[in-house]
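Reading the structure
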Amino acid sequence: MYAQMIKSEATQDDPERLAAFQARIDAGEKIEPKDWMPEGYRKTLIRQIGQHAHSEIVGQLPEGNWITRAPTLERKAILLAKVQDEAGHGLYLYCAAETLGVTRDELTEMLLDGRMKYSSIFNYPTLTWADMGAVGWLVDGAAIMNQVPLQRTSYGPYSRSMIRICKEESFHQRQGYDIMMKMAKGTDAQKRMAQDALNRMWFPSLMMFGPSDAESVHSEQSMSWKIKMNGNDELRQKFVDQTVPQAEYLGLTVPDPDLKWNDEKGGYDFTGPNWDEFFDVLRGNGPCNKERLAARNKAWNDGAWVRDGLMAHAEKKRAARMAAE
Amino acid sequence: MKNEWPLWEVFIRGQHGMSHRHVGSLHAADEESAIKNARDVYTRRNEGVSIWVVAARHIAASSPSEKGPLYEPSESKVYRHPTFFDIPDEVGAM
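Residues numbered from 1 in each chain as written. Chains lettered and ligands numbered in written order. Predicted model: local features only at pLDDT ≥ 70, side-chain atom pairs only at ≥ 80, totals over all residues. Heavy atoms only, no water.

Moving on, we come to the packing of aromatic side chains. Two aromatic rings, taken as a pair, are described by how far apart their centres are and by the angle between their planes. All names here are of chain A. Using the criterion set out here, one finds 14 aromatic pairs over all chains in the structure. Ring geometry for F209 versus F239: centroids 5.5 Å apart, planes at 50°, classification tilted. Note that F209 is positioned in the loop between α8 (188–207) and α9 (219–224) and F239 in helix α10 (residues 232–250), a separation of 30 residues in sequence. Classification of F239 as buried rests on a relative accessible area of 1%. (Phe/Tyr/Trp six-rings, centres within 6.5 Å; stacked < 30°, edge-to-face > 60°. Helix = DSSP H or I, 4+ residues; strand = E, 2+ residues; numbered from the N terminus. Buried < 20%, exposed > 50% of the residue type's maximum accessible area, 1.4 Å probe, protein only.)

So this is what it looks like as structure tokens:
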């Protein structure tokens, strides 16, 4: 999802401790930062929560692109609030990851030099205002699908972050759908724009759930640790079943000629995304990979004097206070 | 990169006269900016009327391995709960 293809780290811990740990998870207990945990659990979580956090932060870029060009002051205020929420979500998640013994700066460095990934979806461009609608509706919609079950994940700080995030996420999807409704019921040109946004965002949204479970070798361990709550195909199916009627309401066409209701399975049959494209985007060859990473690197480098300046100021104030006492 | 902003734990009082409650943490250079950041990160939807921030390094915590010795002694003292005592109905509310 926001964390795709998370490799489970191998664990070489004492079998007895591992069994006791697994029993705690099976009993529905939450694991807290100071509790004993297998090294593989800790490392897998750092990678997953970190990737999730990076996705929230990088995810601000495609939407930030339209803040200054929003069609009305109200839309601008709403989009600004939405993008600010994404920053907040990134911060909740970074803090959760830090409880596992990695520092914020280490996480940032790993994003900036490409050692850690963010969701493939944010490597696609946002070309028109309708994309703001499609991103909220589809991308946040797909994210919610994964994040709601993650509220029950076994790691306490991660679970608490997800609870906060889910409370705010529903606003994101609704504001997106609201934009789509306006455009889809607007002029012919607006309607074409809305359809075009759906055409471009549909398959990248399906990719967000990651490759088919049949090819996903790392799921099993993460599932038993309750780091991953559902299979990729299961969530993708759920997303399609929920989204198709919403597209119909808008009078828009899902860009999949083979999309068909299947009475027997009680869901839609649909075409999967092009996985070669997905892996190519992960390798750094998507339309915006370079632009996104360059923007994050520039923000980090340009902000260095501010970070250092505030630390120097804090130090000076502390020294002055000590001298006065 | 060595000059990382310190970590602060954030406590917020909701609007109903409750105690401050731990909501999460954040990085900031000093206590003033920690409070400002906490406002932006943890009260975007009217979640609070008061914010406390405490440098994370000042928080002392019990260790999970002490769970037994710390909490077991209270398990055997059921008489600390009012339901331990049977009061006849005739006595009325108590």
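Turning our attention to the nonpolar core. Judged by nonpolar contacts, the single largest core of 82 residues is most densely connected at Y41(A), I49(A), Y155(A) and L26(B). Here this core takes 11 residues from helix α6 (residues 130–150) of chain A, the largest share from any one element. For L26(B), the contacting residues outside a window of four places in its chain are C95(A), P6(B), L7(B), W8(B), V10(B), A34(B), N37(B), A38(B), V41(B) and Y42(B). Y124(A), W275(A), F278(A) and V281(A) belong to the second largest nonpolar core, which has five residues in total. (Core = buried A, V, L, I, M, F, W, Y, C linked by side-chain atoms within 4.5 Å. Contact = heavy atoms within 4.5 Å.)

Next up on the list: the pairing of strand β1 (residues 7–13) of chain B. Residues and elements named next belong to chain B. Summarising burial for β1: five of the seven residues are buried, a large majority. Here six bridges tie β1 to strand β2 (residues 21–27), and the two strands are oriented antiparallel to one another. Pairing of F11 across the sheet is with H22, part of β2. (Pairing = 2+ DSSP bridges.)

Next up on the list: the interface of chain B and chain A. Every contact between the two is made by 24 residues of chain B and, on the other side, 27 residues of chain A. Interface area, chain B with chain A, both sides summed: about 2,200 Å², of which 50% is carbon and sulfur. Taken together, the links from chain B to chain A amount to eight salt bridges. The shortest N-O distance in the salt bridge between K317(A) and E32(B) comes to 3.0 Å. Linking chain B to chain A there are 15 residue pairs in polar contact (both at pLDDT 80 or more). Sorting the residues of the side of chain B that touches chain A by element identifies β2 and α1 (31–42) of chain B as the ones contributing at least two each. Counting residues per element, the side of chain B that touches chain A draws most heavily on α1(B), which supplies five residues. Class assignment of the residues belonging to the side of chain B that touches chain A gives a composition of 11 nonpolar, five polar and eight charged. (Buried area = accessible area lost by both parts, 1.4 Å probe. Salt bridge = Lys/Arg side-chain N within 4 Å of Asp/Glu carboxyl O. Polar contact = N/O pair within 3.5 Å; in protein donor to acceptor, adjacent residues only side chain to side chain. Nonpolar A, V, L, I, M, F, W, Y, C, P; charged D, E, K, R; others polar.)

With that settled, the discussion passes to the side chain of D131(A). Residue and element names in this part refer to chain A. Among the structural elements, D131 can be located in helix α6. For D131, a relative accessible area of 0% puts it in the buried group. Residues in contact with D131, not counting those within four places in the same chain, are P125, T126, A197, R200 and M201.

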